Amino acid sequence: MTIKTPADLLEENVRWADERTSEDADYFKHLSELQTPDFLWIGCSDSRVPANVITGLAPGEVFVHRNVANIVYTADLNCMSVVQFAVESLKVKHIIICGHYGCGGVKAALEDASDGLVEHWLEPVRDLKRVHRSELDQLSDHASRLDRLCELNVKAQVDALCHSPILNRAWEREQDLTVHGWIYGLKNGRLRDLECTRSGPPADARSSGAS
Ligand code: ZN
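None of these values were measured; they are calculated from a predicted model.

### Notes on the coordination of the zinc ion
And then number 1: Binding of the zinc ion to the protein goes through Cys44 (SG), His100 (NE2) and Cys103 (SG), at separations of 2.0 to 2.3 Å.
And then number 2: When the donors of the zinc ion are listed by position in the chain, the intervening gaps give C-x55-H-x2-C. Linking cysteine 44 in strand β1 (residues 39-44) with cysteine 103 in the loop between β3 (94-100) and α5 (104-110), this pair joins segments that are 59 residues apart in sequence.

### So, the domain arrangement of the chain
And then number 1: Each assigned domain of the chain is listed with its residue range as follows: domain 1 (1-33) and domain 2 (34-208).
And then number 2: Using C-alpha coordinates to define each centre, domain 1 is positioned 30 Å away from domain 2.

### What to know about the pairing of β3
The two faces of the sheet receive side chains in turn, since in a regular strand these alternate between them.
And then number 1: Of all 7 residues in β3, 6 are buried; the element is thus mostly enclosed.
And then number 2: With 5 bridges connecting them, β1 and β3 associate as parallel partners. When the bridges of β3 are listed, glycine 43 appears paired with cysteine 98.
And then number 3: Two elements, β3 and strand β4 (residues 178-184), share 7 bridges in a ladder whose sense is parallel. Bridge pairing links isoleucine 97 to glycine 181 in β4.

### Here we look at the environment of serine 199
And then number 1: Topologically, serine 199 is positioned in the segment after β5 (191-193).
And then number 2: Sequence separation of serine 199 and serine 22 is 177 residues, and the distance between their C-alpha atoms is 41 Å.
And then number 3: Ignoring sequence-local partners within four residues, the contact set of serine 199 consists of Trp171, Leu177 and Thr178.
And then number 4: Separated by 3.2 Å, the side chains of serine 199 and threonine 178 make a polar contact.

Rules used throughout
- Residues numbered from 1 in each chain as written.
- Predicted model: local features only at pLDDT ≥ 70, side-chain atom pairs only at ≥ 80, totals over all residues.
- Heavy atoms only, no water.
- Donors = N, O, S within 2.8 Å, 3.2 Å for Na, K, Ca; no water.
- Helix = DSSP H or I, 4+ residues; strand = E, 2+ residues; numbered from the N terminus.
- Domains from an automatic or database assignment.
- Buried < 20%, exposed > 50% of the residue type's maximum accessible area, 1.4 Å probe, protein only.
- Pairing = 2+ DSSP bridges.
- Contact = heavy atoms within 4.5 Å.
- Polar contact = N/O pair within 3.5 Å; in protein donor to acceptor, adjacent residues only side chain to side chain.

Spelled out as C-alpha cells, the structure:
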C-alpha cells in the first residue's frame, strides 16, 4: 500500500469528480437534488469494510452508519437518529447490519481487554460472550471463537434493532422494510448472509414495542 498524504486525497478527488462529470455532465446535479437510497447499512468502522466499495453501490444508493463492532444500542442517539431518518424520511426498504470476521472490537470483548471508553461501548458483546460461553468454549481455537462471536454479535444487533420502537412503528403501518444480518470475510472479500432476516416485528415486540 502506498503512503498517501491529505494533499494526495484532494488531488484524487479532483480527478474523481472530473471523471464523473465527463461520463455524465449532470451527475452531481442529479445527486444534489435527490437522495433515494433503498439501503441502510450499519457496519463496523473498520477501514477494510467500506459499504459502498464491497457492494458495488454508487453514491446515493446506500445510507451508512458505522461504529466499533457494528453495535445497535436503542439508547444510542447517533445510531437511532440515522435509523429514524432512513426509515421515516428516506423510506429505505432494507437495513443491512454487517459485521466482519476478525473484528477488533469483538476481539477486545472476547479477551476482556480494558481500553477505557471502548470497554464500556463493548458491554453488549461481553454479555453475549457470557450467554454463549459453553458454545464458544467447545470451539478448539481462539480464532474460531472470535469468528463465532462476530456472527453472534450480528444476530444480536439484528434482534436489538427489530425490538426498537422505530422499526415496530414502521411495521405497524405496514411499511415495506426488511432487516438482514450479514458478515464479511476479510480474507476472501465475500459477504455471507447469516439468515436472520426479518420483515416484521419479533413475536415478543408486537404488544410493547410501538410505544
Ligand atoms: Zn470490526
